[in-house]
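Each chain, letter by letter, is given below.
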There are 4 protein chains.
Amino acid sequence: MANTLKRRLFIIIFGTDTPAGRAFDIALLIAILISIFAVMLESVESLEEKFGHIFRIVEWVLTGAFTLEYLTRVYVTDRKSQYIFSFYGLIDLLSLLPTYLSLIFTGTQYLLIIRALRLLRVFRILKLGRYVGEGEQLMRALRSSRHKITVFMGTVITLVVIMGTVMYLVEGGENGFTSIPKSIYWAIVTLTTVGYGDIAPQTVLGQSIASFVMILGYAIIAVPTGIVTVALGKEKDKQALLACSNCQETGHAEDAIHCKFCGEKLLHE
Amino acid sequence: MANTLKRRLFIIIFGTDTPAGRAFDIALLIAILISIFAVMLESVESLEEKFGHIFRIVEWVLTGAFTLEYLTRVYVTDRKSQYIFSFYGLIDLLSLLPTYLSLIFTGTQYLLIIRALRLLRVFRILKLGRYVGEGEQLMRALRSSRHKITVFMGTVITLVVIMGTVMYLVEGGENGFTSIPKSIYWAIVTLTTVGYGDIAPQTVLGQSIASFVMILGYAIIAVPTGIVTVALGKEKDKQALLACSNCQETGHAEDAIHCKFCGEKLLHE
Amino acid sequence: MANTLKRRLFIIIFGTDTPAGRAFDIALLIAILISIFAVMLESVESLEEKFGHIFRIVEWVLTGAFTLEYLTRVYVTDRKSQYIFSFYGLIDLLSLLPTYLSLIFTGTQYLLIIRALRLLRVFRILKLGRYVGEGEQLMRALRSSRHKITVFMGTVITLVVIMGTVMYLVEGGENGFTSIPKSIYWAIVTLTTVGYGDIAPQTVLGQSIASFVMILGYAIIAVPTGIVTVALGKEKDKQALLACSNCQETGHAEDAIHCKFCGEKLLHE
Amino acid sequence: MANTLKRRLFIIIFGTDTPAGRAFDIALLIAILISIFAVMLESVESLEEKFGHIFRIVEWVLTGAFTLEYLTRVYVTDRKSQYIFSFYGLIDLLSLLPTYLSLIFTGTQYLLIIRALRLLRVFRILKLGRYVGEGEQLMRALRSSRHKITVFMGTVITLVVIMGTVMYLVEGGENGFTSIPKSIYWAIVTLTTVGYGDIAPQTVLGQSIASFVMILGYAIIAVPTGIVTVALGKEKDKQALLACSNCQETGHAEDAIHCKFCGEKLLHE
């Protein structure tokens, strides 16, 4: 009988096809969102002063719910260690720990630890990953262009280190380029076209080099874009280039089952 | 006879093929543009002081014209409720209401409502949508990549929430990161490479994390670009991959009617 | 004999194949670059004070040379009016006029006109266009996606007008959003991810809307990129999709003359 | 016997397949990274004061190691001058020189030279290039679109010169546009969407032109992206469009050796 309950709970918690499973998913989704909003709003001082006790109640109710969810997930899974050490298993545990740990560190000497623990709860947003499960094609495309992206990143880092050093020499500390790491930070801010403006070149030579860095950054953004686009396009082309085994015709739609020219069944890879 | 007038008005207002229909379209286009410019310039204090009365006259003349247009559209349409509750029907109504409503709220206690009503008129720009009607291929491409864009957006929001929280912990209120929502705002400003500079990291650790966020933002912009490019390319490829039913040859131009190799008529999907 | 001189001059000035023609081209290129640098450096006050008289001499020598060039071009062309009213004919004339006109307006009351005339000379950079003549494939790709780019631009302008108006209402004059045109300017600065930071939202609601605008701007940049990429790709595909008339095989290189499978001559469009 | 040692050293230093070769590579990689970090951290004043002597020791130990590496590379290479004047040969030499040269220039009158020499050591990062060797496909794609990128860059520079000059005239020195070069710097900052905000237009006309420049910059970034994407896509397509010599079918995977339709061996270009 326990086994039946276990099975039913498994279907509700891990399944998404039954009404109960779907209701559970939606309830969990809402609980996660409320929890994240509570963490965010708690950090706003004026709100914390007014509604601090409400945040505390919400926090404990949701932590209780998540604890129940975690224990049930462990209970209903057959290979427990596999779930516990899976990505989502660890995320689920990480969502609980901070709140309980904050009971241990209560003295004022642990203020920073408490603050960090409280904010760690924001990682609960990763629990939402369960609702995605669609990014496979994207991930496959990114993984297949892994090598090229590494080369590109290496080039960007080399550029940024050299440009930062040059600017440190050219502009110097009096114009905000007080050290090489800071100058490299400036080079990243500029090359990525973010452009805060907290550090900006003042000398004519510095502005000329900066102009060069900007145009470079503007141009080389084309490279990762090209890499990802081609990789994504290739994923799509696989189907479009699939040829019918009877008439050897290509150009079928992504969801085609039969050849649109002769009706032969398509042999997907 | 009324029926004939109704039909003729219908052709003028909804049609674009007759000279009268085209003249009506151009007149409406100009009226919309004038109306939007009036709303915009009215908000400039120095212009409002000098030309306020002119703006008022323009406003009422154009509102009168739009009212007439709206009533005529309702009159000439056979299935009135269908027009009234269509997108453009609601936009047309929304273009009139604010001006009339401003007659009701005249006391100084309603100042904010009046201001909002006056500005609502800017939505008249949506009336221009009627002149577009070309974006279908674009919209189809975007719609077909809806799923991937959602996944991408979800990833961006997750990144931004986590990065914002981390920066709130690292930098703290004294450097402008006064709360998590504000830190998330900073993360969005940085990841999207906007970079206002109103909030900028000051600590070494903060600047290191910021550099990471910037390079990340610089790199992941490749993803939506890749998605849209591939979707748009597929729209175009449909024609290029269309095969001739006689010689099974592909590569025809978008406007081809006959196969360029054997002359057979092409069977478009 | 005059005819022979005319022909020889024509070959030197308009041609690029003879040594003399090439030498003329290089000399002209250098003259244009010097001229533009002179205009640029003249505007730097400290340099103008020191080297003002040199700039004046360079100016008159180059203007003399450009005048000679212009007159010779008119002389050697047979259909004179066609050259004079061509794009480069007008540019060539526009390169001379400002310097001569500055002789007429010499009083201090014409200071602004003189300044404008002096700066107009910077348009001489357009004379460099003659050396490009490679951008045809690019231009063809952009022209073929003209329609889609217009739709995209219309969408961006609509977004920017509505967002600007909403921010004007939300933030108001005390936070820098003093009028709708200024708020629209802010919306453009934000949507295009430029982000000066001279105007930045201060209220929570304003920052939320701004975040939305930024993510939107970050996402919709994918659209023009996709449009141009697909158009450029199509230009290239024309050759790749060209089929051999004998074996009907595609996939030939851009410069292929014979089919790489059966050796049949390719029939280019 | 010396010959055997020479060969063994060659395999260790230039090879990557043997355990010793791999160990050498990793040791060199770590040495380069430590060296660059030392240069960077040395420039941070507070760290230099505390750990200056450690940086000095690290510096001389690593320079010794790099000298040994350089001399060994020269020794084991047969065609010595070819290595010495190769890109990496020069980089290897450049990594040593600054430290030794700093022994010559020790007086306080050479402070700037010493500083420059010390920073030159950062170019050691280019030694890392040996570990990349993957960017060939990327480089080939960029090289094949060299012409189009030049045209694009020329257009951007022309735009930036004209826009800068116009803004100098419109805004003038009182709003930060003190000279044409500075205005061109602003135009680059704006067109590339960096947007520092150190110079920002103040007049209505100036802000209108700036808006135009921003939207232009937002739109034309699509061009280099399109160019690179198409070039990269073409590199990949070469394989996809490769046709089987037996059944003339295309669409094979990049690593395919046999035709996936009839099993015939593929004839790669």
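Predicted model, so just to flag it, every value in this text is computed and none were measured.

Conventions and cut-offs
Residues numbered from 1 in each chain as written. Chains lettered and ligands numbered in written order. Predicted model: local features only at pLDDT ≥ 70, side-chain atom pairs only at ≥ 80, totals over all residues. Heavy atoms only, no water. Helix = DSSP H or I, 4+ residues; strand = E, 2+ residues; numbered from the N terminus. Contact = heavy atoms within 4.5 Å. Areas by Shrake-Rupley, 256 points an atom, 1.4 Å probe, with all protein chains shown as cover. pLDDT = per-residue confidence, 0-100. Domains from an automatic or database assignment. Buried area = accessible area lost by both parts, 1.4 Å probe. Salt bridge = Lys/Arg side-chain N within 4 Å of Asp/Glu carboxyl O. Polar contact = N/O pair within 3.5 Å; in protein donor to acceptor, adjacent residues only side chain to side chain. Nonpolar A, V, L, I, M, F, W, Y, C, P; charged D, E, K, R; others polar. Patch = residues over 30% accessible without salt bridge, like charges linked within 9 Å, V, L, I, M, F, W, Y side chains within 5 Å. Buried < 20%, exposed > 50% of the residue type's maximum accessible area, 1.4 Å probe, protein only. Least-squares fit on C-alpha atoms with pLDDT ≥ 70 in both. Axes fitted to C-alpha atoms, helices over the stretch in contact; angles between N-to-C directions. Parallel < 35°, antiparallel > 145°, perpendicular 65-115°, else oblique. UniProt positions renumbered as here; feature names shortened; annotations may be inferred. Phe/Tyr/Trp six-rings, centres within 6.5 Å; stacked < 30°, edge-to-face > 60°. Lys NZ or Arg CZ within 6 Å of the ring centre and 35° of its normal. Left-handed = near helix turned anticlockwise from the far one by under 90°. 1 Å grid on protein atoms, 1.4 Å probe; cavity = no way out; pocket = protein on both sides within 12 Å on 5 of 7 lines; lining within 4 Å. Points joined across faces, edges and corners; volume = space filled by probe spheres on them. Expected span 1.5 Å × (residues − 1).

Would you explain the overall build of chain A in this entry?
Along chain A, the regular secondary structure elements total 12 helices and 0 strands. In sequence order, chain A lays out its α and β elements as α-α-α-α-α-α-α-α-α-α-α-α. In chain A, 52% of the contacts between residues at least 6 apart in sequence involve partners at least 24 apart. Split by element, the accessible area of chain A, about 13,400 Å² in all, is 67% carbon and sulfur.

What exactly am I supposed to notice about the confidence of the model for chain A here?
Looking at chain A, pLDDT values average 80 and 79% of them are 70 or higher. Scored as a whole, the predicted complex attains pTM 0.82, and scored at its interfaces, ipTM 0.80.

Which parts of the structure should I look at to understand the domain arrangement of chain A?
How large an interface is tends to be reported as the accessible area lost when its parts come together. According to the domain assignment, chain A contains domain 1 (2-127) and domain 2 (148-222). Here the C-alpha centre of domain 2 of chain A lies 42 Å away from the C-alpha centre of domain 1 of chain A.

Would you take a moment to explain the interface of chain A and chain C for this structure?
Taken together, the 4 residues of chain A in the interface contact 4 residues of chain C. For the pair chain A and chain C, the two sides together bury roughly 170 Å², of which 33% comes from carbon and sulfur. At the junction of chain A with chain C, the criterion picks out 0 salt bridges. Counting the contacts that link chain A with chain C gives 0 residue pairs in polar contact (both at pLDDT 80 or more). Residue composition of the side of chain A that touches chain C, grouped by class: 1 nonpolar, 3 polar and no charged.

Just to check I follow, could you spell out a nonpolar patch on the surface for this structure?
Residue and element names in this part refer to chain C. Among the surface-exposed residues, W60, L93, L97, Y100, L101, L103 and I104 lie close enough to one another that they form a single nonpolar patch of about 600 Å² accessible area. A total of 5 residues in the nonpolar patch trace back to one element, the largest contributor, which is helix α6 (residues 97-104). Tracing the chain through its elements places L93 in helix α5 (residues 87-94).

Would you mind showing me how to read unusual backbone geometry here?
Glycine aside, residues mostly have negative phi angles, and peptide bonds mostly take the trans form. If you check the backbone angles, B:T193 has positive phi at about 60° while not being a glycine. Overall, the relative accessible area of 7% leaves B:T193 in the buried class.

What is the right way to read the relation of the copies chain A and chain C from this model?
Turning one copy of the chain about an axis and sliding it along that axis gives the other copy, so a rotation and a shift relate them. Mapping chain A onto chain C is achieved by rotating through 180° and translating by 0.0 Å along the same axis, at an RMSD of 0.0 Å. Here the transformation between the copies is reduced to the relation of a two-fold axis. Interface overlap between copies: 100% of the residues of chain A at the interface are likewise at the interface in chain C, consistent with a symmetric, same-surface contact.

I'm lost on the relation of the copies chain B and chain A in this one. Help?
For the pair chain B and chain A, the superposition axis carries a translation of 0.0 Å, the fit reaches an RMSD of 0.1 Å, and the rotation angle comes to 90°. Viewed as a symmetry operation, the transformation between the two copies matches a four-fold axis. When the interface residues of chain B are mapped onto chain A, a mere 17% of them are again interface residues, pointing to distinct binding faces.

Whenever I open this one, the packing of helix α3 (residues 45-76) of chain B against helix α6 (residues 97-104) of chain B confuses me. Can you help?
When two helices pack together, their arrangement is captured by the angle between the axes and the distance separating the axes. Residues and elements named next belong to chain B. Remark: α3 packs on α6, axes separated minimally by 9 Å, with the N-to-C direction vectors making an angle of 120°. One finds that α3 runs oblique with respect to α6. Residues E59, W60, T63 and T67 of α3 form the contact with α6, whose participating residues are T99, Y100 and L103. Looking at the contact of α3 with α6, its residues break down into 3 nonpolar, 3 polar and 1 charged.

It is not clear to me how the interface of chain B and chain A should be interpreted in this structure. Could you clarify?
Taken together, the 46 residues of chain B in the interface contact 49 residues of chain A. Looking at the side of chain B facing chain A, the largest losses of area belong to B:K148, B:M214 and B:Y218, adding up to 17% of the total buried there. At the surface where chain B touches chain A, the tally comes to 0 salt bridges. For the interface between chain B and chain A, the tally reads 5 residue pairs in polar contact (both at pLDDT 80 or more). Those elements that place two or more of their residues in the side of chain B that touches chain A are α9 (146-171), α10 (180-191), α11 (204-220) and α12 (222-240) of chain B.

Looking at this structure, I do not really get the UniProt feature "transmembrane region" (unreviewed entry) in chain A. What am I missing?
All names here are of chain A. Using the residue numbers shown here, the UniProt feature "transmembrane region" (unreviewed entry) corresponds to residues 21-41, 53-71, 83-104, 149-170 and 209-232. Secondary structure over residues 83-104 splits into 82% helix and 0% strand, and the C-alpha atoms at its two ends are 27 Å apart. The span residues 149-170 is 100% helix and 0% strand, and its two end C-alpha atoms sit 31 Å from each other.

Mind showing me how you'd approach the pattern of salt bridges here?
Opposite charge on two side chains makes pairing possible when the charged atoms of those side chains draw close. According to the stated counting rule, one finds 18 salt bridges over all chains in the structure shown. A:K6 is paired through a salt bridge with A:D78; the nearest N and O atoms lie 3.5 Å apart. Note that A:K6 is positioned in helix α1 (residues 2-14) and A:D78 in the loop between α3 (45-76) and α4 (80-84), a separation of 72 residues in sequence. Residue C:E42 is joined to C:R56 by a salt bridge in which the shortest nitrogen-to-oxygen separation is 4.0 Å. In this pair, C:E42 sits in helix α2 (residues 19-42) while C:R56 sits in helix α3 (residues 45-76), placing the two residues 14 residues apart along the sequence. Using a relative accessible area of 10% as the deciding quantity, one classes C:E42 as buried.

Is there a simple way to think about the environment of A:K6 in this case?
Considered as a pair, A:K6 and A:R73 are 67 residues apart in the sequence and their alpha carbons are 9.8 Å apart. Residues contacting A:K6, with those up to four places away along its chain left out, are A:Y75, A:V76, A:D78 and A:K80.

What's the story with the packing of aromatic side chains in this structure? I'm lost.
Centre distance and the angle of the planes are the two values used to describe a pair of aromatic rings. Here the structure, examined in full by the defined rule, presents 16 aromatic pairs over all chains. Note on A:F177 and A:W186: the rings are 5.3 Å apart at their centroids and 65° apart in plane angle, and the pair reads as edge-to-face. Measuring from centroid to centroid gives 5.1 Å for D:F87 and D:Y88, while their planes differ by 70°, and the two rings are edge-to-face. One cation-aromatic arrangement involves A:K6 over A:Y75; the distance from NZ or CZ to the ring centre is 5.9 Å.

What exactly am I supposed to notice about the environment of D:A20 here?
Looking at the secondary structure, you find D:A20 in helix α2 (residues 19-42). As for D:A20 and D:T72, which are separated by 52 residues in sequence, their C-alpha atoms are 15 Å apart.

How should I be thinking about the packing of helix α10 (residues 180-191) of chain A against α11(B) in this particular structure?
Interaxial distance between α10(A) and α11(B) falls to 9 Å at its minimum, and their mutual angle equals 25°. When the axis of α10(A) is compared with that of α11(B), the two are roughly parallel. Relative to α11(B), α10(A) is oriented so that their crossing is left-handed. Each of A:K182, A:Y185, A:I188, A:V189 and A:L191 in α10(A) lies in contact with α11(B), whose residues at this interface are B:Q207, B:A210, B:S211, B:M214, B:I215 and B:Y218. Split into classes, the residues belonging to the contact of α10(A) with α11(B) amount to 8 nonpolar, 2 polar and 1 charged.

What is the right way to read empty space enclosed by the protein from this model?
It is the rolling of a water-molecule-sized probe over the atoms that shows where space remains empty. Counted by the stated rule, this structure contains 5 cavities of 30 Å³ or more. Taken together, 19 residues form the lining of the largest cavity, with A:I221, B:T193, B:I221, C:I221 and D:I221 sitting closest to its centre. Across the lining of the largest cavity, the residue classes break down as 7 nonpolar, 12 polar and no charged.

Sorry if this is basic, but what is going on with α2(D) here?
Along an α-helix, a turn takes 3.6 residues, which lines up residues three or four apart on a common side. Spanning 24 residues, α2(D) covers 34 Å between terminal C-alpha atoms, matching the ideal 34 Å at 1.5 Å per step. Those residues of α2(D) lying buried are D:G21, D:D25, D:L28, D:A31, D:I32, D:S35, D:I36, D:A38, D:V39, D:M40 and D:E42.

Mind showing me how you'd approach the side chain of A:T158 here?
Residue and element names in this part refer to chain A. Within the secondary structure, T158 is located in helix α9 (residues 146-171). The class for T158 is buried, based on a relative accessible area of 18%. At 2.8 Å, the side chain of T158 forms a polar contact with the backbone oxygen of G154.

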